[in-house]
Amino acid sequence: MTAQDTPAASPTKRVLAVVLFNLLVYIVIGLPNAVLTIFVHQGLGYSTTVAGITFSLQYFATFAARPSAGRLVDRIGPKPVVIGGLVTCLLSGLLIGGAGLLAATPLLSLGVLLFSRLLLGWAESWAATGVIVWNIRRAGAENTAIAISWNGICSYGGIALGAPVGAKLSMLAAPYGGLVSVGILSVALPLFGLALIGFYPAVKPLPSTSLPIPFARALRLVLPHGSALAAGSIGFGAISSFLALYYSVLHWQGAATALAVFGFTFVVIRFFFASQIAKRGGVFVAIVSLLVEALGLATLSIFQIPSAALVGAALTGAGFSLLFPALGVLAVNSAGPENRGAALGAYSIFIDLAIACSGLFLGQVIEFAGYRTMFATTAICCLVGVLISRSLGRRTA
């Protein structure tokens, strides 16, 4: 038994001991963020729509894997599911390195890269769902907000850390061949996690006096929370999918810095203001978050200068930061303690689907109307999320 597992250990210490595995997976997710769409569009010669689909395919896979992740966590416990996520993440790293080696053969390179994105999405789903439920069990159901909040800090902190590192690695070799270096680190990080996880005690699944709820019912229970989450997640999809390409098209330097600023503000807001969810209520925090995110996206749309892009990225990260836990606490508890995995999987589907669809939809908007219209569209989506959250507040009351 580790120090973090002793009865005297604080809930935060218990959570931090396990959330490391989620951090490793999300660093791998962040590594290609500043180079992926540029590689597909400028290196392989495909359109912005194809580049957006390549990025978003990861989230389609995450979406598809959520039901199995939730069911397995409830049935066999979270630790084996996290191990499966780390193994799949390692395989994804091997493939992204292979795509870099095959850059001279665009169609084959794209195919390998697409398969890599599918595996990475699966890894994200299993690792994130497993880690959150594992931490809820370790810290206690009354500390669900702490478990979700720290999971998000490590998730987007990992992306913020991975993006600039991946950008540097991509320049180590010939143009775009540096994706091989990204692949090597993407293998090393989950390998480290697999070596470490054996020292962590597992938690058994909770006994249930009734049959697990069908996934369709879990989806209905979290529908209002998930709809508001999806409206705000489209803005995150715009930043993750197209901000680097936006910088490249305008011949600006510092795309990786902008992505890091997004992740940094996300982490800072989550770290210092997550307690506001318990004090002011999830609905209130969600509404404020969506308004701040809309302001950030509107800034990107209106002011086409590098400094404004940094401010817009920072505001978008600040607004998106508390959205998931603000509504997630209510969503996860809606199905009962023995079905938290199913509820979490169903709730998380909304962010996966929103980001996945945003790559295809927003890529089309860019081709026909430009980047300013694309950012304006995502700001409007956030305002729709405000209306949904207000409706949810009335229902809760």
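Now for a look at the structure at hand. Remember, predicted model here, so these are calculated numbers, not experimental data. (Residues numbered from 1 in each chain as written. Predicted model: local features only at pLDDT ≥ 70, side-chain atom pairs only at ≥ 80, totals over all residues. Heavy atoms only, no water.)

Details of the overall build of the protein chain
- A tally of regular secondary structure across the protein chain gives 16 helices and 0 strands.
- Relative to the compact-globule value of 21 Å for 397 residues, the protein chain shows a C-alpha radius of gyration of 20 Å, a close match.
- Viewed in the frame of its principal axes, the protein chain has a C-alpha envelope of about 55 × 45 × 35 Å.
- For the protein chain, the share of sequence-separated contacts (at least 6 apart) that also reach a separation of at least 24 residues comes to 84%.
- Of the roughly 15000 Å² of accessible surface on the protein chain, 72% is carried by carbon and sulfur atoms.
- For the protein chain, the separation between the mean place of its 21 positive charges and that of its 8 negative charges on side chains is 4 Å. (Helix = DSSP H or I, 4+ residues; strand = E, 2+ residues; numbered from the N terminus. Rg over C-alpha atoms; globule rule 2.2 N^0.38 Å. Contact = heavy atoms within 4.5 Å. Areas by Shrake-Rupley, 256 points an atom, 1.4 Å probe, with all protein chains shown as cover. Lys, Arg positive; Asp, Glu negative; His and termini not counted. Charge placed at Lys NZ, Arg CZ, Asp CG, Glu CD.)

A closer look at empty space enclosed by the protein
- Applying the stated criterion to the full structure yields 3 cavities of 30 Å³ or more.
- In this model, the largest cavity occupies a volume close to 220 Å³.
- Lining the largest cavity are 21 residues, with Tyr26, Arg66, Tyr156, Phe324 and Ile351 positioned closest to its centre.
- Only helix H3 (48-76), helix H5 (106-139), helix H6 (144-169) and helix H15 (340-369) provide two or more residues apiece to the lining of the largest cavity.
- Take the lining of the largest cavity: its biggest share by element is 6 residues, from H6. (1 Å grid on protein atoms, 1.4 Å probe; cavity = no way out; pocket = protein on both sides within 12 Å on 5 of 7 lines; lining within 4 Å. Points joined across faces, edges and corners; volume = space filled by probe spheres on them.)

Some thoughts on the packing of aromatic side chains
- Under the defined criterion, the tally for this structure stands at 15 aromatic pairs.
- With a centroid separation of 5.2 Å and 45 degrees between ring planes, the pair formed by tyrosine 246 and tyrosine 371 is classed as tilted. Of this pair, tyrosine 246 sits in helix H9 (residues 223-249) while tyrosine 371 is found in helix H16 (residues 371-396), placing the two residues 125 residues apart along the sequence.
- A residue is classified by how much of its surface remains accessible, and tyrosine 246, at 1% relative accessible area, is buried.
- A ring pair is formed by phenylalanine 271 and phenylalanine 272, whose centres lie 5.0 Å apart and whose planes are at 80 degrees; its orientation type is edge-to-face.
- Note on phenylalanine 271: relative accessible area 46%, which makes it partly exposed.
- Every member of this aromatic cluster is reached through a ring pair, and the members are Tyr246, Tyr247, Trp252, Tyr371 and Phe375. (Phe/Tyr/Trp six-rings, centres within 6.5 Å; stacked < 30°, edge-to-face > 60°. Buried < 20%, exposed > 50% of the residue type's maximum accessible area, 1.4 Å probe, protein only.)

Describing the side chain of glutamine 58
- With respect to the helices and strands, glutamine 58 occurs in helix H3.
- The class for glutamine 58 is buried, based on a relative accessible area of 0%.
- Every residue in contact with glutamine 58, bar those within four places of it in the chain, is listed here: Ile29, Arg117, Leu120, Gly121 and Glu124.

Things to note about the environment of alanine 309
- With respect to the helices and strands, alanine 309 occurs in helix H13 (residues 306-321).
- Exposure remark for alanine 309: the relative accessible area of 1% places this residue in the buried category.
- Each C-alpha atom, one on alanine 309 and one on alanine 255, is 9.5 Å from the other, the two residues being 54 residues apart in sequence.
- Excluding residues that lie within four positions of it along the chain, alanine 309 makes contacts with Tyr247, Trp252 and Leu300.

Details of the nonpolar core
- Counting residues in each nonpolar core, the largest one holds 124 residues, and the members touching the most others are Leu243, Met374 and Phe375.
- When sequence neighbours within four positions are dropped, the list of residues in contact with phenylalanine 375 reads Ala238, Ile239, Leu243, Tyr246, Leu297, Leu300 and Ser301. (Core = buried A, V, L, I, M, F, W, Y, C linked by side-chain atoms within 4.5 Å.)

A short note on the packing of helix H2 (residues 36-43) against H9
- Two elements in contact, H2 and H9, have axes separated by 8 Å at closest approach and are oriented at 55 degrees. The angle between H2 and H9 places the two elements in the oblique class. Taken as a pair, H2 and H9 cross one another with a handedness that is right-handed. Note on element contacts: H9 touches H2 through Ser241, Ala244, Leu245 and Ser248, opposite Thr37, Ile38, His41 and Gln42.
- For the contact of H2 with H9, the class distribution of residues is 3 nonpolar, 5 polar and no charged. (Axes fitted to C-alpha atoms, helices over the stretch in contact; angles between N-to-C directions. Parallel < 35°, antiparallel > 145°, perpendicular 65-115°, else oblique. Left-handed = near helix turned anticlockwise from the far one by under 90°. Nonpolar A, V, L, I, M, F, W, Y, C, P; charged D, E, K, R; others polar.)

Thoughts on the side chain of threonine 49
- With respect to the helices and strands, threonine 49 occurs in helix H3.
- Leave out the neighbours within four places in its chain, and threonine 49 touches Leu360, Gly363, Gln364 and Glu367.

Quick word on unusual backbone geometry
- The phi torsion at histidine 251 lies on the positive side, around 60 degrees, for a residue other than glycine.
- Inspection of the secondary structure puts histidine 251 in the loop between H9 and helix H10 (255-273).

Points about H10
- Taking 1.5 Å of rise per residue, the 19 residues of H10 would be expected to cover 27 Å, and the 27 Å separating its terminal C-alpha atoms lies within 8% of that figure.
- Listed in full, the buried residues belonging to H10 are Ala255, Ala256, Ala258, Leu259, Phe262, Gly263, Thr265, Phe266 and Arg270.
- Residues of H10 that are buried sit in contact with H6, H9, H13 and helix H14 (323-332). (Expected span 1.5 Å × (residues − 1).)

What to know about the layout of surface pockets
- Space inside the largest pocket adds up to approximately 630 Å³.
- Around the largest pocket, the lining is made up of 23 residues, and of these Ala34, Val35, Ile38, Ser170 and Met171 lie nearest the centre.
- For the lining of the largest pocket, a count of residues per class yields 15 nonpolar, 7 polar and 1 charged.

Nothing here speaks to function; it is all geometry.
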